[in-house]
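Listed below are the residues making up each chain.
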Amino acid sequence: DILWAGGPSTDVFSWAIDGGSATNVDTTLGTASDAHVTQIRGLAAGSHALVIARVSGTVVIDGIMVYSGDESLGLRVWEAGFGGAESDFFSAVTPWLDLLTLIAPDLVLIAEGVNDFITCATNAIYTPAYFRTQVETTVSLVRAKVTNDPSIVLVVEPKPYNPSTYPYEQYAAQ
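Residues numbered from 1 in each chain as written. Predicted model: local features only at pLDDT ≥ 70, side-chain atom pairs only at ≥ 80, totals over all residues. Heavy atoms only, no water.

**Structural notes on the layout of surface pockets**
Here is the rule we go by: Two kinds of site are reported from a 1 Å grid over the protein atoms alone, namely cavities, where a 1.4 Å probe fits but cannot get out, and pockets, open sets with protein on both sides within 12 Å along at least five of seven lines, and residues are called lining when an atom falls within 4 Å of a point. Grid points are joined across faces, edges and corners, and a volume is the space filled by probe spheres set on the points.
What the second largest pocket holds in volume is close to 480 Å³. In terms of lining, the second largest pocket is formed by 21 residues, of which the most central are Ile40, Leu43, His48, Val66 and Tyr67.

**Focus on the environment of Leu100**
Note the following rule: Here a strand is any run of E in DSSP of at least two residues, a helix any run of H or I of at least four, and the numbering for each starts at the N terminus. Burial classes: relative accessible area under 20% of the type maximum marks a residue as buried, over 50% as exposed, and values in between as partly exposed (1.4 Å probe, protein chains only). Residue contacts are counted whenever heavy atoms from the two residues lie within 4.5 Å of one another.
Within the secondary structure layout, Leu100 lies in helix 2 (residues 97-103). Residue Leu100 is classed as buried on the basis of its relative accessible area of 5%. Distance from Leu100 to Arg143, taken between C-alpha atoms, is 9.7 Å for residues 43 residues apart in sequence. In this structure, Leu100 is in contact with Trp78, Pro105, Val142 and Val146, ignoring residues within four places of it in sequence.

**Notes on the pattern of salt bridges**
This is how it is decided: A carboxyl oxygen of Asp or Glu within 4 Å of a side-chain nitrogen of Lys or Arg is what we treat as a salt bridge.
Enumeration according to the criterion identifies three salt bridges in this entry. The partner of Arg41 in a salt bridge is Asp1, and the shortest N-O contact between them spans 2.5 Å. In this pair, Arg41 is assigned in the loop between strand 4 (33-38) and strand 5 (50-56) and Asp1 in the segment before strand 1 (2-6), connecting sequence segments 40 residues apart. With relative accessibility at 37%, the residue Arg41 sits in the partly exposed group.

**So, unusual backbone geometry**
Positive phi, close to 55°, is recorded for Asp18, a residue that is not glycine. Among the secondary structure elements, Asp18 is positioned in the loop between strand 2 (12-17) and strand 3 (23-26). Despite not being glycine, Ala104 shows a phi value in the positive range, around 50°. When you line up the elements, Ala104 lands in the loop between helix 2 and strand 7 (107-110).

**Examining the pairing of strand 3**
Spelled out, the test is: One requirement defines pairing of two strands: DSSP has to find at least two bridges between them.
In this structure, strand 2 lies alongside strand 3, joined through four bridges in antiparallel fashion. Residue pairing for strand 3: Ser14 is matched across the bridge by Asn24. Turn length for the strand 2-strand 3 hairpin, with the two strands adjacent in sequence and antiparallel, is five residues, and the turn residue Asp18 shows positive phi of about 55°.

**Let's talk about the packing of aromatic side chains**
We apply this condition: Stacked, tilted and edge-to-face pairs are distinguished by plane angle, under 30 degrees for stacked and over 60 for edge-to-face with tilted covering the rest, among Phe, Tyr and Trp rings (Trp via its six-membered ring) whose centres lie within 6.5 Å.
Applying the stated criterion across every chain, the model contains five aromatic pairs. Arranged with centres 5.8 Å apart and planes meeting at 85°, the rings of Phe117 and Tyr171 form a pair that is edge-to-face. In this pair, Phe117 sits in helix 3 (residues 114-119) while Tyr171 sits in helix 5 (residues 168-172), placing the two residues 54 residues apart along the sequence. Tyr171 carries the same exposure label as Phe117, and that label is buried. Between Tyr126 and Tyr130 the ring centres are 5.6 Å apart and the planes differ by 85°, which places this aromatic pair in the edge-to-face class. Grouping residues by exposure puts Tyr126 and Tyr130 together as buried. An aromatic cluster is defined as three or more aromatic residues linked by ring pairs; in this entry it consists of Phe117, Phe131 and Tyr171.

Okay, here's the thing in structure tokens:
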């Protein structure tokens, strides 16, 4: 499955499997929204090559789900990270939440804090208390969007080398 976002502009991407002919997907919608899926089915078991290409406009691919005849079983991983983002990115920029309804995760891992720790040296807003508030907001947003009540694990990342205004342990303790 290809997960994608659509919007009011004319945006089109194509996909092809194993060098076959391309299939265009028009992502033009009345309003911007995530959580759209193009299903790819009927492939033989084994390895395949998927090529996704922009045909026109600005295309947003939110992720890909790979199956092996087990669409409703097993473990699937959807990585929604955004390198360099501070904790308030996920609590303020929320279109990604629409995907949670589609994915219906049983487990959500939240690994934040390092960027807040590093950024506080140049932006005083990123205190440990502010970080805690943003993570609590993100957890509340996740719980409100998903009906199956997933387990949520807050991951404390290894301490970065960068010096900062506050000790990293204060972020980890939040």
